[in-house]
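So the chains spell out like this:
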Amino acid sequence: MELSHDQIKELEAVLLARRKALNAEVNEHLQQTSAQRLEGSENTVGDVGDESVAHMMTDLSLAEATRDINELRDVEAALQRIAEGGYGECLDCGGDIDHARLMAYPTATRCVTCQSQHEKTYATQGMPSL
Ligand SMILES: [Zn+2]
């Protein structure tokens, strides 16, 4: 079943809220990262143990920021599809993605059937063929 105008508006609101939250998170992680860098450079006589903890935390913040940025990109792409009119269509079969699925995953680009097929294919490719 195709999405109604109201359903799309509702999902758009969810995506816009998610984008706002992700932007705030990314900024926070990046600020943490630069604050930790600053501490690291001031603390040049500190012992090695402290420094590696600081580096590890910086890496963690960066990893989290990267993950958020990736999700942000998916959210932007979904908003783009809403603007262009292709939102809610399966990327693979062109069928309609379930409204319930979109409420759970507003950035979903495939219907349940194609997604599980895609994951199966992907998982098989990732296996070493010994
Ligand atoms: Zn499909």
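Refer to the structure printed above.
So, here is what we can say about the structure in this document. Remember, predicted model here, so these are calculated numbers, not experimental data.

1. A closer look at the overall build of the protein
Reasoning step 1: When you go through the protein residue by residue, the secondary structure sums to four helices and zero strands.
Reasoning step 2: Tracing the protein from N to C terminus, the helices and strands come up as α-α-α-α.
Reasoning step 3: Burial statistics for the protein: of 130 residues in total, 24% are counted as buried.
Reasoning step 4: Once local pairs closer than 6 in sequence are excluded, the contacts in the protein between residues at least 24 apart make up 59%.
Reasoning step 5: When the accessible surface of the protein is split by element, carbon and sulfur atoms take 55% of a total near 9,100 Å².

2. Notes on the coordination of the zinc ion
Reasoning step 1: The protein atoms that coordinate the zinc ion are C90 (SG), C93 (SG), C111 (SG) and C114 (SG), at distances of 2.3 Å.
Reasoning step 2: Its four donor atoms give the zinc ion angles of 103 to 116° at the centre, a pattern that matches the tetrahedral case.
Reasoning step 3: Here the donor residues of the zinc ion are spaced in sequence according to C-x2-C-x17-C-x2-C. You can see C93 sitting in the loop between α2 (48–84) and α3 (99–104) and its partner C114 sitting in helix α4 (residues 112–126), a full 21 residues away along the chain.

3. Points about the environment of D96
Reasoning step 1: Topologically, D96 is positioned in the loop between α2 and α3.
Reasoning step 2: Separated by 14 residues in sequence, D96 and R110 place their C-alpha atoms 8.7 Å apart.
Reasoning step 3: Those residues in contact with D96 that sit more than four places away from it in its chain are M1, E2, G88 and C111.

4. Some words on the side chain of S61
Reasoning step 1: Of note, S61 is situated in helix α2.
Reasoning step 2: If near-sequence neighbours (up to four positions away) are discounted, S61 is found in contact with H29, Q32, T33 and Q36.

5. Examining the nonpolar core
Reasoning step 1: Counting residues in hydrophobic clusters, the biggest one holds 16 residues, and the most contacted among them are L3, L11, L15, V75, Y87, C90 and L102.
Reasoning step 2: At the level of secondary structure, the elements contributing two or more residues to this core comprise α1 (5–42) and α2.
Reasoning step 3: If you tally residues by element for this core, the top one is α2, at five residues.
Reasoning step 4: The contact partners of V75, leaving out residues within four places of it in the chain, are L15, R18, R19, L22 and T107.

6. A closer look at the pattern of salt bridges
Reasoning step 1: The full count for this structure, using the stated rule, is four salt bridges.
Reasoning step 2: One salt bridge connects E12 with K9, and the closest N-O pair in it is separated by 3.1 Å. Taken as a pair, E12 and K9 lie in helix α1 at a separation of three residues, close to a single helical turn.
Reasoning step 3: When the shortest N-O distance is used, the salt bridge between R110 and D92 registers 2.9 Å. You can see R110 sitting in the loop between α3 and α4 and its partner D92 sitting in the loop between α2 and α3, a full 18 residues away along the chain.
Reasoning step 4: For R110, a relative accessible area of 12% translates into the label buried.

7. Things to note about the environment of L30
Reasoning step 1: With respect to the element layout, L30 can be found in helix α1.
Reasoning step 2: For the pair L30 and T58, spaced 28 residues apart in the sequence, the C-alpha separation amounts to 9.1 Å.

Rules and cut-offs
- Residues numbered from 1 in each chain as written.
- Predicted model: local features only at pLDDT ≥ 70, side-chain atom pairs only at ≥ 80, totals over all residues.
- Heavy atoms only, no water.
- Helix = DSSP H or I, 4+ residues; strand = E, 2+ residues; numbered from the N terminus.
- Buried < 20%, exposed > 50% of the residue type's maximum accessible area, 1.4 Å probe, protein only.
- Contact = heavy atoms within 4.5 Å.
- Areas by Shrake-Rupley, 256 points an atom, 1.4 Å probe, with all protein chains shown as cover.
- Donors = N, O, S within 2.8 Å, 3.2 Å for Na, K, Ca; no water.
- Tetrahedral: all angles 85-135°; square planar, octahedral: opposite > 155°, others 65-115°.
- Core = buried A, V, L, I, M, F, W, Y, C linked by side-chain atoms within 4.5 Å.
- Salt bridge = Lys/Arg side-chain N within 4 Å of Asp/Glu carboxyl O.

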